[in-house]
Amino acid sequence: MQKMTALAVLVAFSFAATPAMAKTCVLAGGEATMVTKDLAEFMAKAALGNSIKDKGLKAEGVPKLTCNAPSPLTYCLAQQKACK
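The shown structure was predicted, so the numbers you read here are calculated from the model rather than taken from an experiment.

1. Brief notes about the side chain of Ser-51
Consideration 1: Here Ser-51 is to be found in helix H2 (residues 37-54).
Consideration 2: Beyond its immediate sequence surroundings of up to four residues, Ser-51 is in contact with Ala-28 and Gly-29.

2. As for the pattern of salt bridges
Consideration 1: With the rule as written, the count across this model stands at 2 salt bridges.
Consideration 2: The partner of Lys-23 in a salt bridge is Glu-60, with the nearest N and O atoms 2.7 Å apart. One end of the pair, Lys-23, is in the loop between helix H1 (2-21) and strand E1 (25-34); the other, Glu-60, is in strand E2 (residues 58-67), with 37 residues separating them in the sequence.

3. What to know about the nonpolar core
Consideration 1: Listed in full, the 10 residues of the largest apolar core are Ala-28, Ala-32, Ala-40, Ala-44, Leu-48, Ile-52, Leu-57, Cys-76, Ala-78 and Ala-82.
Consideration 2: Top element by residues in this core is H2. It accounts for 4 residues.

4. A word on the sheet that holds E2
Consideration 1: Pairing is antiparallel across the open sheet formed by 3 strands, whose spatial order is E1-E3-E2. Only two strands of the sheet have a single neighbouring strand rather than two, namely E1 and E2. With direction set aside, neighbouring strand axes in the sheet form an average angle of 20°.
Consideration 2: As defined by bridge partners, E1 adjoins strand E3 (residues 74-83) across 10 bridges and the pair is classed as antiparallel. Bridge pairing in E3 places Ala-32 opposite Cys-76.
Consideration 3: Relative to the sheet, H2 contacts E1, E2 and E3, its axis offset from that of E1 by approximately 145°.

The rules behind these values
- Residues numbered from 1 in each chain as written.
- Predicted model: local features only at pLDDT ≥ 70, side-chain atom pairs only at ≥ 80, totals over all residues.
- Heavy atoms only, no water.
- Helix = DSSP H or I, 4+ residues; strand = E, 2+ residues; numbered from the N terminus.
- Contact = heavy atoms within 4.5 Å.
- Salt bridge = Lys/Arg side-chain N within 4 Å of Asp/Glu carboxyl O.
- Core = buried A, V, L, I, M, F, W, Y, C linked by side-chain atoms within 4.5 Å.
- Buried < 20%, exposed > 50% of the residue type's maximum accessible area, 1.4 Å probe, protein only.
- Pairing = 2+ DSSP bridges.
- Axes fitted to C-alpha atoms, helices over the stretch in contact; angles between N-to-C directions.

Here it is in structure tokens:
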């Protein structure tokens, strides 16, 4: 009986400790508005990298990049999951 009680207490503590050990993740982003699409993409990716680095996070997965058609400037947004 004492072994079952000890096991139940151990399981309860492991569940209580899980949230503290869980990863904290965010959707980091970087944006840029430039004259050319290539430059806007480059600057948005650089801004994304700086955002992740400044927060002390580590990038996970593949970054998502979306850009609009030039009118007259091109706007790009780079987003990526980043975790601590």
